[in-house]
Amino acid sequence: MTAPKLRLATVWLGGCSGCHMSLLDLDEWLIELAARVELVFSPIADTKRFPESVDLALVEGAIANEEHLALITLVRRRSRVLLSLGDCAVTGNVTALRNPLGTAASILQQIYVDHGDPRGHVPTGSAIVPALLDRVLPVHAVVPVDCFLPGCPPPAPRIRAVLEALLAGEPPPATPEMIRFG
Amino acid sequence: MDRTELHAIAERELASRAPVRIHCCMAAGCQATGAAELRSRLDTALAEAGLAGRAEVVPVGCLSLCGHGPLVSIVPDGPLYASVRPDDAPAIVAALQGAPCAVRQVDRNAPFFARQRPVVLRASGSFDPERIEEYIAVGGYQALATVLHDLSPAEVIEQITRSGLRGRGGAGYPTGLKWATVAKSAAPPGDGPRKFVVCNGDEGDPGAFMDRSILESNPHLVLEGMAIAAYAVGASQGYLYVRGEYPLAIQRLTKAISQARKYGLLGAQIFESGFDFRVEIRVGAGAFVCGEETALIASIEGRRGQPRPRPPYPAESGLWGCPTLINNVETFANVAPIIQHGPEWFAAIGTATSKGTKVFALTGNVRNTGLIEVPMGMTLREIVEELGGGTPDGSPVKAVQTGGPSGGCIPAARFDTPVDYESLAAAGSIMGSGGMVVMDATTNMVEIARYYMEFCRDESCGKCIPCRVGTVQMHRLLSGIASGHGSAADLAQLEQLSQLLRETSLCGLGQSAPNPVLSTLHYFRDEYEACLAASKDPG
Amino acid sequence: MAAKTLTIDGTLVSAREGESILEAAREAGITIPTLCHLDGLSEVGACRLCLVELTGSRRLQPACLTPVAEGMEVRTSTERLREHRRAIVELLFAERGHVCAVCVASGACELQDLAARLGVTHVRYDYLAPACTVDISHPRFGIDHHRCVLCTRCVRACDEVEGVHTWDVAGRGTAARVITDLHVPWGQATSCTSCGKCLHACPTGAIFQRGSSVAELKRDPGVIALVVAARKERW
């Protein structure tokens, strides 16, 4: 009898999806990975709801809007191990570059009116686009995070090394090459 | 100038005095509550009463009970009036002639006065600090004369060492040892003065005004101490570093220096000896960190006022790389009395390890706010309950904060702690420069810690990373906890940062910045936990 | 010159009298992390990363400023020191806006290297995210204050090596900034000789060559020591 497959989820919050591209760069190792995990939630899979009892959630992106906030809370509640994947999740990174510019309202005003169309207005009333948070936060500033894999994006070999360690139930490697920002 | 002349000046001065003196406190505290107008109204009232010649109004230094100013003292043997309004002037003058007087009087035999042991403040409030003749009349510059005529530099250092005097700036380093180090440090070759004496008057702890009051009330006492120190260590140039926020002290010091020079008590060949000593004032520009000696040196040199790592200590390499003696205002103010009365007299006051007296600025939730000088070893309870009279509404005192942003809060349960360097350190605080803030039950200790951290954050010079950024992070954590948004993780991080700042900051400001946090965490952890329990973001 | 024998991390090391612990360790192949230190410049002991433990000393001492002594026992990498160093680097990342992904210096940045070497996987502290200025008034160079760590290496290189003192520090606490001349835009700082030493001295991407993009920064911090050594030989 084979061991039950580990339930893996990948989550895409406020980021450019480069970390997911890097994940896909694992190429044929993905096939090996597929043999050992069941991908239960991912932007590259057709799932709409974050399921219960996830063993490992890889989270890309910072917490930038209300939807991210709601989703990360759910992810944390339903996942045994949460890994911040890439600089946006780990530090806020590019997504957080707006933080020095002010609150959400002030930034929208700057973008749509001050530096955009002086006769324009800030879009309102849409239920489709989630409201921005006043401050972009790294994931661990919102929920507890179990491990961190910085990099923008983290190169595929780093992702593989970390996944291999986690699949083997070992702590992820933390050598300088493995944890570099940028 | 010689000793005979000094005595002649004193006698002339005493002979010229009116039989009755109305001492009107003109220190900054009383001036802030209207002493200047009161003084002129007293003058007018005297003239109108036809008492000119029989009584005189004398502007004097601090009369101690600062919280109840303006203060007026009738000498000899007259009452001490408190909270005097300018309109009270005629009544006070009339009282000199036996009229009943309704102006509030303070009992000089009350513990606040009776339990003090003035050494540094002995003459404070008994003469006009803007007239050197008055200082000479109360025995001023006799110690300097004695030193220059009768003692070798080594003997002076020996006396200071024997007195057991320790630095009054807060750290309590043995003064004699410091002087000896400067004396034996070789001055580098070069022109001009190659050894310096510096008086640190950059007092900045919130609630502390000991040095300001000494400088305002008795500037010559400090100058005399500096001159004696200069003779002992072989320096010919001194600097008095005073914070810019003390304009009255600067004005009186400037006057004092020029008067002393006129009498040959500063400058070349003092008391007709071979000893030269010149003093210049350097005014600080509002940075607390310049009270740290290496930052103070940088500031005097005209550079950005920020500290540098020690060693080398200023005693070996200070101003412009020359051996430099830096002592605090109160330390210098103790020198002349020690020389005058002898080291044994001084050493008999205080405890085994902390000799002499300490001046404290007693403030906060206390009935008698003011400047006190007590023998080392008096307990906090005696100071707060007896001299201070407890809280104004009679409710129990909760804690006292000593040592300012570098110090800690000591709870009422530890009020049997005697004020000496070691006991205060053992209680989780420090002697510090003398700020003593009394707190009652309404004081939130987390808020107190937050306040002091804000102070340190604002005063961090920015040179070293732990202090520059650590104080900002600690202040955020404390604000979060105090405002009901803290978590247990925040508290853990606060403790981690406390350790970091203590162990890695470059200078005393950063190293001691966590002390208010650590001491309140130690004694009042329940208040932090209550904040966490009520938190809206428990994490 | 007399030799001094000391132990660094349990290894017996021989050093020249007057040498710092930092130099002695480096010669023995032991790397102590630094940031405000740069070969050829005076030491300021400001970054606190090179703090080491000395037997018999209660206080941690900066290796850059502590001379070797006979019989000294130095520990450069205890758990306490490693934890303090991580915390200091994290505090720096939290202080301004260090975004390696969009920085000219990525790949050639001492702060980025320190984080990786010291095991900084993430920053525990709140990001302060201040709005800083970017000064590109100089025709060749620019300074992005988001990336400045206030090590003052530019200040010292300009003062001690170029002999100009265009750079200095203004303000205090986290509001402190390196400035040119009397706080005028760099392009208007008439004392600046445009020698570029500040660029070589800068450990991060704060001072950069205009026109360089992400990870394109070319510089050689060793040039400062080279100039200093060459002058010593000649004069």
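Definitions and cut-offs
- Residues numbered from 1 in each chain as written.
- Chains lettered and ligands numbered in written order.
- Predicted model: local features only at pLDDT ≥ 70, side-chain atom pairs only at ≥ 80, totals over all residues.
- Heavy atoms only, no water.
- Pairing = 2+ DSSP bridges.
- Helix = DSSP H or I, 4+ residues; strand = E, 2+ residues; numbered from the N terminus.
- Contact = heavy atoms within 4.5 Å.
- Axes fitted to C-alpha atoms, helices over the stretch in contact; angles between N-to-C directions.
- Phe/Tyr/Trp six-rings, centres within 6.5 Å; stacked < 30°, edge-to-face > 60°.
- Buried < 20%, exposed > 50% of the residue type's maximum accessible area, 1.4 Å probe, protein only.
- Lys NZ or Arg CZ within 6 Å of the ring centre and 35° of its normal.
- Salt bridge = Lys/Arg side-chain N within 4 Å of Asp/Glu carboxyl O.
- Polar contact = N/O pair within 3.5 Å; in protein donor to acceptor, adjacent residues only side chain to side chain.
- Domains from an automatic or database assignment.
- Buried area = accessible area lost by both parts, 1.4 Å probe.
- Nonpolar A, V, L, I, M, F, W, Y, C, P; charged D, E, K, R; others polar.
- Parallel < 35°, antiparallel > 145°, perpendicular 65-115°, else oblique.
- Left-handed = near helix turned anticlockwise from the far one by under 90°.
- Patch = residues over 30% accessible without salt bridge, like charges linked within 9 Å, V, L, I, M, F, W, Y side chains within 5 Å.
- Areas by Shrake-Rupley, 256 points an atom, 1.4 Å probe, with all protein chains shown as cover.
- pLDDT = per-residue confidence, 0-100.
- Core = buried A, V, L, I, M, F, W, Y, C linked by side-chain atoms within 4.5 Å.

Visitor: Sorry if this is basic, but what is going on with the sheet that holds strand β2 (residues 11–16) of chain C here?
Guide: What links the strands of a sheet is backbone hydrogen bonding, and the strands pair in either a parallel or an antiparallel sense. All names here are of chain C. Strand order across the open sheet formed by five strands is β2-β1-β5-β3-β4, with mixed pairing between neighbours. One side of each edge strand has no neighbouring strand; the edge strands of this open sheet are β2 and β4 (61–62). Two strands pair when backbone bridges link them, and strand β3 (residues 51–54) and β4 are joined in this way by two bridges, in the antiparallel orientation. By the bridge assignment for β4, Val-52 is matched with Gln-61. Taken strand by strand, helix α2 (residues 79–95) contacts β3 and β5 (73–75), and its axis lies near 160° from that of β3.

Visitor: Can you walk me through the packing of aromatic side chains in this structure?
Guide: For any pair of aromatic rings, geometry is given as the distance between the ring centres together with the angle between the planes. Within this structure, the stated rule accounts for 15 aromatic pairs over all chains. Arranged with centres 5.7 Å apart and planes meeting at 25°, the rings of Phe-141 of chain C and Trp-186 of chain C form a pair that is stacked. With Phe-141 of chain C in strand β7 (residues 141–144) and Trp-186 of chain C in the loop between β9 (177–180) and α5 (197–201), this pair connects stretches of sequence that are 45 residues apart. Judged by relative accessible area, Trp-186 of chain C falls into the buried class, the value being 1%. Over the ring of Tyr-246 of chain B we find Arg-243 of chain B; its NZ or CZ atom is 5.3 Å from the centre of that ring. Its end group placed over the ring of Phe-360 of chain B, Lys-358 of chain B keeps NZ or CZ at 5.6 Å from the ring centre.

Visitor: Help me understand the interface of chain C and chain B, please; the structure alone is not making it clear to me.
Guide: Frequently, the measure chosen for interface size is the accessible area removed from exposure when the parts meet. Contact with chain C, which involves 31 residues of that partner, is made by 29 residues of chain B. Residue Glu-95 of chain C pairs with Arg-468 of chain B through a salt bridge whose shortest N-O separation is 2.8 Å. Along the contact surface separating chain C from chain B lie 18 residue pairs in polar contact (both at pLDDT 80 or more). Among the elements of the structure, α2 and β8 (167–170) of chain C are those that each provide at least two residues to the side of chain C that touches chain B. No other element matches the nine residues that α2 of chain C contributes to the side of chain C that touches chain B.

Visitor: What is the right way to look at the domain arrangement of chain C in this model?
Guide: All names here are of chain C. According to the domain assignment, chain C consists of domain 1 (3–77) and domain 2 (84–233). Its C-alpha centre places domain 1 at a distance of 25 Å from the equivalent point of domain 2. With 23 residues of domain 1 in contact, the opposing surface of domain 2 contributes 23 residues. Contact between domain 1 and domain 2 buries roughly 1,600 Å² in total, counting both sides, with carbon and sulfur atoms accounting for 65%. One can count zero salt bridges joining domain 1 with domain 2. Taken together, domain 1 and domain 2 are joined by eight residue pairs in polar contact (both at pLDDT 80 or more). Tallied by class, residues from the side of domain 1 that touches domain 2 come to 13 nonpolar, seven polar and three charged.

Visitor: Help me out: how do you make sense of the side chain of Gln-473 of chain B in this one?
Guide: Inspection of the secondary structure assignment puts Gln-473 of chain B in helix α19 (residues 465–482). Taking the relative accessible area as the measure of exposure, Gln-473 of chain B reaches 1% and is therefore buried. Residues in contact with Gln-473 of chain B, not counting those within four places in the same chain, are Leu-497 of chain B together with Leu-91, Ala-94, Tyr-125, Asp-126 and Leu-128 of chain C.

Visitor: In this structure, what is going on with the packing of helix α3 (residues 35–48) of chain B against helix α4 (residues 89–96) of chain B? I would like to understand it.
Guide: Helix packing geometry: the angle between the two helix axes and the distance between the axes. Residue and element names in this part refer to chain B. Where α3 contacts α4, the two axes come as close as 8 Å, and the packing angle between them is 45°. Taken as axis vectors, α3 and α4 run oblique relative to one another. The interaxial crossing formed by α3 with α4 has right-handed handedness. Residue-level inspection shows Leu-38, Arg-41, Leu-42, Ala-45 and Leu-46 of α3 in contact with α4, the latter providing Ala-89, Pro-90, Ile-92, Val-93 and Leu-96. Residues of the contact of α3 with α4, tallied by class, amount to nine nonpolar, no polar and one charged.

Visitor: I keep staring at the interface of chain A and chain C and nothing clicks. Help me out?
Guide: Taken together, the contact between chain A and chain C spans 18 residues of the former and 21 residues of the latter. Summed over both partners, the interface of chain A with chain C comes to about 1,600 Å²; 67% of that surface belongs to carbon and sulfur atoms. Three residues stand out in chain A for area buried against chain C, namely Pro-100, Arg-180 and Phe-181 of chain A, and they jointly supply 36% of the buried area on that side. At the boundary of chain A and chain C, one finds one salt bridge.

Visitor: What am I meant to see in a nonpolar patch on the surface here?
Guide: Residues and elements named next belong to chain A. Among the surface-exposed residues, Met-21, Leu-24, Leu-39 and Ile-44 lie close enough to one another that they form a single nonpolar patch of about 340 Å² accessible area. Its place among the elements puts Ile-44 in the loop between β2 (37–41) and β3 (54–60). On the basis of relative accessible area, Ile-44 is assigned to the partly exposed category, the value being 48%.

Visitor: What should I look at first to understand the confidence of the model for chain C in this one?
Guide: Fine structural detail should not be taken from predicted coordinates in areas where pLDDT scores are low. Averaged over all residues, the pLDDT of chain C equals 96, while 100% of them reach at least 70. We note a pTM of 0.96 for the whole complex and an ipTM of 0.97 for its interfaces.

Visitor: What's the story with the packing of helix α20 (residues 488–504) of chain B against α2 of chain C in this structure? I'm lost.
Guide: Two numbers describe how α20 of chain B lies on α2 of chain C: the axes approach to 11 Å, and their chain directions differ by 100°. When the interaxial angle is binned, α20 of chain B and α2 of chain C end up roughly perpendicular. On the side of α20 of chain B, the interface is formed by Gln-496, Leu-497, Gln-499, Leu-500, Glu-503 and Thr-504 of chain B, while α2 of chain C contributes Arg-80, Glu-83, His-84, Ala-87, Ile-88 and Leu-91 of chain C. For the contact of α20 of chain B with α2 of chain C, a count of residues per class yields five nonpolar, four polar and three charged.

Visitor: Got a minute to help me understand the nonpolar core in this structure?
Guide: If you look at soluble globular proteins, the nonpolar side chains tend to sit buried side by side. Grouped together as the largest cluster of nonpolar side chains are 137 residues, with contacts concentrated most on Tyr-141 and Leu-240 of chain B. It is helix α11 (residues 219–233) of chain B that contributes the most residues to this core, 11 residues altogether. Aside from chain neighbours lying at most four places away, what touches Tyr-141 of chain B is Leu-6, Ile-132, Tyr-135, Ile-136, His-220, Leu-223, Glu-224, Ala-260, Leu-265 and Phe-271 of chain B. Counting 114 residues, the second largest nonpolar core, distinct from the first, contains Leu-13 of chain A, Val-517 of chain B together with Val-89 and Leu-217 of chain C.

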